[in-house]
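An overview of the molecular structure
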Amino acid sequence: MELNLSGRKALVMGSTKGLGYGIAKALAAEGATVGIVGRTLENATEAASTVDGNAHGFACDTANAEQVDALFSNATAQMGTIDILVLNGGGPPPGSAQGVSSDQWRASFDSMFVNLVRLADLALPHMIEARFGRIISVISSGVIEPIPNLAISNAIRPALVGWGKTLAGEVGKHGITVNAIAPGRIATDRLKQLDANNAQRLGKSVDEIQSASQGRIPVGRYGRPDEFGSAAAFLASERASFITGSILRVDGGQIASIS
Ligand SMILES: NC(=O)c1ccc[n+]([C@@H]2O[C@H](COP(=O)([O-])OP(=O)(O)OC[C@H]3O[C@@H](n4cnc5c(N)ncnc54)[C@H](OP(=O)(O)O)[C@@H]3O)[C@@H](O)[C@H]2O)c1
């Protein structure tokens, strides 16, 4: 299936490595011009230089609203108007639901929700005028099946789903789709850190944690960022024009429920 994203401009948050990088590579491979974003310009330009295709690097910390505004100005100045926006970023620290400080809740909500939605609001006027747009949020299997010891993620990510579903209802008539992709366990630095953290917390080896974790995935292994990227490239394409307000699971069958 030809996805043909040539002429499209995509801004991919949190894309110097991991899932965001997998998405950026997949979009560029289909012909899109991609904006690679990380907290430092150095990381972002380095990652952009390794993408096969047309890629630009930008610095932006999603914790900072002013940096989000500046990113939008810089990206549109360098790349032109944005057709595809991927809302992604660093994961919050692991931890239990009890004892999270109010400051930590507020900072996480700003970084993982408020400032991502702010970016979408900046991009939407052009998408509406162009009668085409794709907004894709990277969430987590924890939205469907909360993950032990990831309380902040389990609590805040559903906000993106509720917002996205509402937005999908508002902008579908303009040719804009709004979807979320729920990763199960995809082999990235973040997953390595979580496995190491769980090994320490539960008094087990990292190998034991990984074997148990992979044993719960029907496909029998962790996913790869390129597999995740392919799903995003499809949703970003014209081929996915009748899919909106949905959560696509990229989890090797891990999530046990059917809804
Ligand atoms: N991997 C999985 O299996 C999995 C499962 C469920 C959910 N998720 C979630 O999916 C998202 C991406 O995961 P990942 O595995 O790709 O993580 P990762 O390997 O840690 O990569 C995170 C990316 O986000 C960037 N980033 C981190 N903090 C940022 C910030 N404050 N502002 C802007 N960019 C920031 C990093 O770039 P710099 O370091 O260059 O800033 C990097 O490019 C995370 O929110 C994670 O919790 C992942």
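Residues numbered from 1 in each chain as written. Predicted model: local features only at pLDDT ≥ 70, side-chain atom pairs only at ≥ 80, totals over all residues. Heavy atoms only, no water.

Our next topic: the packing of aromatic side chains. Taken as a whole and judged by the stated rule, the model has one aromatic pair. Ring centres of phenylalanine 109 and phenylalanine 113 lie 4.9 Å apart, and the angle between their planes is 25 degrees; this geometry places the pair in the stacked category. With phenylalanine 109 and phenylalanine 113 both in helix 4 (residues 102-130) and four residues apart, this pair spans about one turn of that helix. When its relative accessible area of 34% is taken as the criterion, phenylalanine 109 is described as partly exposed. The ring of phenylalanine 132 carries arginine 8 above its face, with NZ or CZ at 3.5 Å from the centroid. (Phe/Tyr/Trp six-rings, centres within 6.5 Å; stacked < 30°, edge-to-face > 60°. Helix = DSSP H or I, 4+ residues; strand = E, 2+ residues; numbered from the N terminus. Buried < 20%, exposed > 50% of the residue type's maximum accessible area, 1.4 Å probe, protein only. Lys NZ or Arg CZ within 6 Å of the ring centre and 35° of its normal.)

Within a beta sheet, neighbouring strands are joined by backbone hydrogen bonds and run either parallel or antiparallel to one another. Strands sit in the order 3-2-1-4-5-6-7 across an open sheet of seven strands; the sheet is parallel. In this open sheet, the two edge strands, each paired with only one partner strand, are strand 3 (55-59) and strand 7 (247-250). The mean angle between the axes of side-by-side strands here comes to 20 degrees, regardless of whether they run parallel or antiparallel. Sheet topology note: the strand 2 (residues 33-38)/strand 3 ladder contains five bridges and is parallel. By the bridge assignment for strand 3, valine 37 is matched with phenylalanine 58. Here helix 1 (residues 18-29) sits on the sheet and contacts strand 1 (9-12), strand 2, strand 4 (84-87), strand 5 (133-138) and strand 6 (176-183); the angle it forms with strand 1, its principal contact strand, is near 170 degrees. (Pairing = 2+ DSSP bridges. Axes fitted to C-alpha atoms, helices over the stretch in contact; angles between N-to-C directions. Contact = heavy atoms within 4.5 Å.)

Within helix 2 (residues 41-49) the residues assigned to the buried category are Ala44, Ala47 and Ala48. Buried positions in helix 2, seen along its axis, are confined to an arc of 100 degrees and lie on one side of it. Within helix 2, the exposed residues directed more than 90 degrees away from the buried face are Glu42, Glu46 and Ser49. Close packing links the buried residues of helix 2 with helix 1, strand 2 and strand 3. (Arc of directions from axis to C-beta.)

This part is about helix 6 (residues 189-202). Under the 1.5 Å per step criterion, the end-to-end length of helix 6 is 20 Å for 14 residues, consistent within 8% with the ideal 20 Å. Buried residues along helix 6 sit in contact with helix 7 (206-215). A positive backbone phi angle near 65 degrees is found at glycine 203, which sits one or two residues after helix 6. (Expected span 1.5 Å × (residues − 1).)

Neighbouring the ligand are 27 residues, the closest being Thr16, Arg39, Arg157, Ile186 and Thr188. The backbone of glycine 91 places a nitrogen or oxygen atom 3.4 Å from an oxygen atom of the ligand. Between glycine 184 and the ligand, the recorded distance is 3.4 Å, taken from a backbone N or O atom to an oxygen atom. Taken by itself the ligand offers 900 Å² of open surface, and the protein chains cover 92% of this. Broken down by secondary-structure element, the contributors of at least two residues to the shell around the ligand are helix 1 and helix 6. Its residues assigned to classes, the shell around the ligand comprises six nonpolar, 14 polar and seven charged. Both domains that furnish three or more residues to the shell around the ligand are identified here as domain 1 (9-186 + 224-250) and domain 2 (187-222). (Near = heavy atom within 4 Å. Polar contact = N/O pair within 3.5 Å; in protein donor to acceptor, adjacent residues only side chain to side chain. Areas by Shrake-Rupley, 256 points an atom, 1.4 Å probe, with all protein chains shown as cover. Nonpolar A, V, L, I, M, F, W, Y, C, P; charged D, E, K, R; others polar. Domains from an automatic or database assignment.)

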